[in-house]
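These are the residues of each chain, in order.
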Amino acid sequence: PAEQATELLRKRDSLVTRLERSEATAALPVALGLLRAELRASEDACRQARLSAETQARAAAEIASALDDTKSAAAATAAAATT
């Protein structure tokens, strides 16, 4: 009887392990789908951030160029005023 009980417990443990593995395997496609969706959303957010940074960099370059032009014009005006 004790050996039989021990054997039944081993079989039960084996079945519980198999059931847990089956449940994990069944949940895997759902988890992968959620991770794919999260990755896509993250990639979209990164793409938007990159586009925004590029736009800001272009605007900053245009402003710097305009400031340089103004500075050059002011220097030319100052030089003309002293001659």
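Residues numbered from 1 in each chain as written. Predicted model: local features only at pLDDT ≥ 70, side-chain atom pairs only at ≥ 80, totals over all residues. Heavy atoms only, no water.

Caption draft 1: Layout of the overall build of the protein. For the protein, the count of helices and strands is one helix and zero strands. Taking 83 residues into account, the globule formula puts the C-alpha radius of gyration at 12 Å, and the protein, at 35 Å, lies well above it. Counting over 83 residues, the protein shows a buried share of 0%. Split by element, the accessible area of the protein, about 7,300 Å² in all, is 63% carbon and sulfur. Distance from the positive charge centre (11 side chains) to the negative charge centre (12 side chains) of the protein: 7 Å. (Helix = DSSP H or I, 4+ residues; strand = E, 2+ residues; numbered from the N terminus. Rg over C-alpha atoms; globule rule 2.2 N^0.38 Å. Buried < 20%, exposed > 50% of the residue type's maximum accessible area, 1.4 Å probe, protein only. Areas by Shrake-Rupley, 256 points an atom, 1.4 Å probe, with all protein chains shown as cover. Lys, Arg positive; Asp, Glu negative; His and termini not counted. Charge placed at Lys NZ, Arg CZ, Asp CG, Glu CD.)

Caption draft 2: Here's a closer look at helix α1 (residues 2–82). Over its 81 residues, α1 extends 113 Å from the first C-alpha to the last, a length consistent with the 120 Å expected when each residue adds 1.5 Å. Remark: the principal bend of α1, roughly 35°, maps to L28, with a proline, P29, within the next four residues. (Expected span 1.5 Å × (residues − 1). Bend = angle between axes of the 7 residues up to and from the residue.)

Caption draft 3: Structural view of the pattern of salt bridges. Applying the stated criterion across every chain, the model contains four salt bridges. Across the pair D13 and R12 runs a salt bridge, and its minimum N-O distance is 2.9 Å. Two residues, R47 and D44, come together in a salt bridge whose shortest N-O distance is 2.6 Å. In this pair, R47 and D44 are both assigned in helix α1, three residues apart and thus about one turn of the helix distant. For D44, a relative accessible area of 41% translates into the label partly exposed. (Salt bridge = Lys/Arg side-chain N within 4 Å of Asp/Glu carboxyl O.)

Caption draft 4: Spotlight on a nonpolar patch on the surface. Together, L28, L32 and L35 line one region of the surface with nonpolar side chains, adding up to about 270 Å² of accessible area. As for its position among the elements, L28 is in helix α1. (Patch = residues over 30% accessible without salt bridge, like charges linked within 9 Å, V, L, I, M, F, W, Y side chains within 5 Å.)

Caption draft 5: Quick peek at the environment of E20. Structurally, the position occupied by E20 is in helix α1. Residue E20 is classed as partly exposed on the basis of its relative accessible area of 49%. Along the sequence, E20 and S52 sit 32 residues apart, while their C-alpha atoms lie 47 Å from each other.

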